[in-house]
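Fold and geometry: a report
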Amino acid sequence: MLLEIEDISKVYRKGIRANDGVSLSVGAGEVFGLLGPNGAGKTTLVNQIMGLLKPTSGTIRIDGTDVIADPGFARQACSLQAQVQVPIEGLTILQAIELAGRVRGGRKAEVLARARELVDNLDIGEWANKRGDTLSGGVLRLASFCMAAVVPGRVVILDEPTNDVDPLRRRLLWQEVRALKESGSAVLLITHNVLEAERAVDRLAIIDMGKVLGQGTPASLKEHEAGFMRLELVFEPMAKIPAPPEFINKAIDLGSRSIGIVSAQDVCGAIDWASELRESGIVEEFTLGPSSLEDAYIRLIGREEAIDPGTEGAQ
Amino acid sequence: MGRWLREYSLMLKWQMLSNKPMLPLYLVVEALVAVGFVVGIGYLIPDINSQSAMYLITGAPVLILLMIGLVMVPQMVSLARKAGTFDYIWSLPVPRSCFLAADTTVWIVITVPGVILALLIGSWHYSFSLNVSPFVVPVFLLVTLTGISIGYAMSHAVPKPELTMLVSQVLVFFILIFSPIHYPIEQLPGWLASTHRVLPFTYMADLMRGYLTGKPPVDAGLAFAVVGTWCVLASGITFFAVKRRR
């Protein structure tokens, strides 16, 4: 494995345990997702890989090198799309990508050609020569991705790469992530957007309160949900939301929407109940489908606030 | 060394381009501060003679350079720390000294025109002539580096960015009123004069004034040593603070 994280714990001075025995590994040519709600300890882990934070215990190795002892090696080996916006206020997108590529050791002509390729592939050409301080958050995120991908490290770390990005360009971004993987980089993808992660990752870990709650392929994590269906209801505005029947498990309220898990034998009852609500004008629409990685995520995390209504269903 | 220089030049380009939208404004403000200082002296002391005006105006470069280091640098660093910018900068595969050197270079570029303008307008307005020694260049660089290093050390070593701003305000007040930059050290009470014997500010003013007027201070070696020690000390604290992993 190219990136190996073993039993990493990070306890801050005030006793806050941001990471608690985290172990995971990412191989070359693999996209590994790290999923968890806000404050789960994802960015803390990234900052430890990059040598910005020192773990309280545990080891981090990149290609066999202990990067806790040699953080300079980590910065050479990893390219990072940080969660924070990149400081490119006075730079155009192309200048920023070029400088990031050259700082990573790329040759000028090659870096420029690759920068133009990335700009074209992500369809951000119309802003290529615009300064960072005039751009929207989504375009800045894409520029930041390009800066990490122009001369990719052997490990590429993408921390919430799709935040603020429009749905069409998200698809283009995922294509580029796959291209990075195919070129042999180990991609560590940090996100709280479960739906996107399910399509993009080869393996993933679900993390909350600093601990890894489960890891494996999306299919293996969903095994527990086999035989269950997911019922999603969209309520009419101002409608009084009724209590769910007993056969709807783990119903969670996301404002104007509710999601519940239904076992196979209760599907007919669930459809009848939802249809009645629709006819009585409480529910605008409902869908019943196979359970998803999101359901596994909710089961493992076990609390409603883990789902971010803002990114839910972004695709 | 070649690699360091290559990376320094890239970070310098990054910083120059990053500051490009604000650069003209910085230059104008610095020029206005310089001109304002020269004109303001005339209001403060209406019948000032050329000798006194020369004394005050040759102290202005130190004051301008210290304001950059102790006010502008902490402000910018505090904003960047709050925005998390350094989490990105420090994750780049370049030595942190490259970034700090590039940032310092940008501040020097911003400051030089204002300092020269203050001296030119001051000498013309108050009819005195300067006798500039080549030693002014190393003195200028040493004063700038020391001021900026103290600013960086304060910004990176103080745990909260808000606290940095407060420390910066107190320090500026102390330098403006209680530091013998624009008056002789003998005018201070004994204990404060003794304190200034180990602080860099009075030595900075002595060196700058001496090499601008052709009368180098008699204890130039001591002055260089004290300012140099502060420069090394503040740079050391800065390097320790930016390299430290929390």
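All values reported here derive from a predicted model rather than from experimental measurement. (Residues numbered from 1 in each chain as written. Chains lettered and ligands numbered in written order. Predicted model: local features only at pLDDT ≥ 70, side-chain atom pairs only at ≥ 80, totals over all residues.)

1. Considering the confidence of the model for chain B
With 100% of its residues at a pLDDT of 70 or more, chain B has an overall mean of 90. Model confidence for the complex: the whole-complex pTM is 0.84, and ipTM, which rates the interface, is 0.82. (pLDDT = per-residue confidence, 0-100.)

2. Some words on the sheet that holds strand β7 (residues 155–159) of chain A
Residue and element names in this part refer to chain A. With respect to topology, 6 strands assemble into an open sheet ordered β6-β7-β8-β3-β9-β10, the strand pairing being mixed. Lying at the two open borders of the sheet, with one neighbouring strand each, are β6 (78–81) and β10 (211–216). Neighbour to neighbour, the strand axes of the sheet diverge by 15° on average, direction disregarded. One ladder, built from 4 bridges, connects β6 with β7; its direction is parallel. Looking at β7, one finds that Cys78 is bridged to Val155. Docked against the sheet, helix α1 (residues 42–49) engages β3 (31–35), β6, β7, β8 (186–191) and β9 (203–208), running at close to 150° with respect to β7. (Pairing = 2+ DSSP bridges. Helix = DSSP H or I, 4+ residues; strand = E, 2+ residues; numbered from the N terminus. Axes fitted to C-alpha atoms, helices over the stretch in contact; angles between N-to-C directions. Contact = placed C-beta atoms within 7 Å.)

3. A closer look at the nonpolar core
Ranked by size, the top nonpolar core spans 144 residues in total, and within it A:Ile97, A:Ala143, A:Cys146, A:Leu188 and A:Leu189 carry the most contacts. In terms of residues, this core owes the most to one element, helix α4 (residues 60–83) of chain B, which gives 12 residues. In this structure, A:Leu231, A:Ile248, A:Ile261 and A:Ala274 belong to the second largest nonpolar core, which totals 11 residues. (Core = buried A, V, L, I, M, F, W, Y, C linked by C-beta atoms within 7 Å. Buried ≥ 20, exposed ≤ 12 C-beta atoms within 10 Å, placed from the backbone.)

4. A short note on the interface of chain B and chain A
Listed as interface residues are 21 residues of chain B and, on the opposing side, 24 residues of chain A. Those elements that provide at least two residues to the side of chain B that touches chain A are α1 (2–19) and α5 (85–89) of chain B. Grouping the constituent residues of the side of chain B that touches chain A by class yields 10 nonpolar, 5 polar and 6 charged. (Nonpolar A, V, L, I, M, F, W, Y, C, P; charged D, E, K, R; others polar.)

5. With respect to the domain arrangement of chain A
Think of interface size as the accessible area that goes away when the parts come together; that is how it is often given. Per the domain assignment, the segments making up chain A are domain 1 (3–217) and domain 2 (227–290). Placing the centre of domain 1 of chain A and that of domain 2 of chain A at their C-alpha centroids yields a distance of 37 Å. (Domains from an automatic or database assignment.)

6. Some points on the packing of helix α7 (residues 136–157) of chain B against helix α10 (residues 201–213) of chain B
Residue and element names in this part refer to chain B. For the pair α7 and α10, the least separation of the axes is 9 Å and the interaxial angle reads 155°. Put simply, α7 runs roughly antiparallel to α10. Helix-helix and strand crossings are classified by hand; for α7 and α10 the assignment is left-handed. On α10, the residues that touch Val136, Val139 and Val143 of α7 are Met204, Leu207, Met208, Tyr211 and Leu212. When grouped by side-chain class, the residues that make up the contact of α7 with α10 number 8 nonpolar, no polar and no charged. (Parallel < 35°, antiparallel > 145°, perpendicular 65-115°, else oblique. Left-handed = near helix turned anticlockwise from the far one by under 90°.)

7. Observations regarding the packing of helix α6 (residues 96–125) of chain B against α7(B)
All names here are of chain B. With their axes 11 Å apart at the nearest point, α6 and α7 run at an angle of 125° to one another. Relative to α7, α6 is oriented oblique. At the point where α6 passes α7, the crossing takes the right-handed sense. Across from Leu100, Thr104, Trp107, Ile108 and Thr111 in α6, the residues of α7 making contact are Thr144, Leu145, Ile148 and Tyr152. Residues that form the contact of α6 with α7 fall into these classes: 6 nonpolar, 3 polar and no charged.

8. Some points on the pairing of β3(A)
Residue and element names in this part refer to chain A. In terms of burial, β3 is largely enclosed, as 5 of its 5 residues are buried. Going residue by residue along β3, you find Val31, Gly33 and Leu35 tucked away on one face and Phe32 and Leu34 tucked away on the opposite face as well. Here β3 runs beside β8; their pairing, made up of 5 bridges, is parallel. Paired with Leu34 across the two strands is Ile190, which belongs to β8. Pairing of β3 with β9, which is carried by 4 bridges, proceeds in the parallel orientation.

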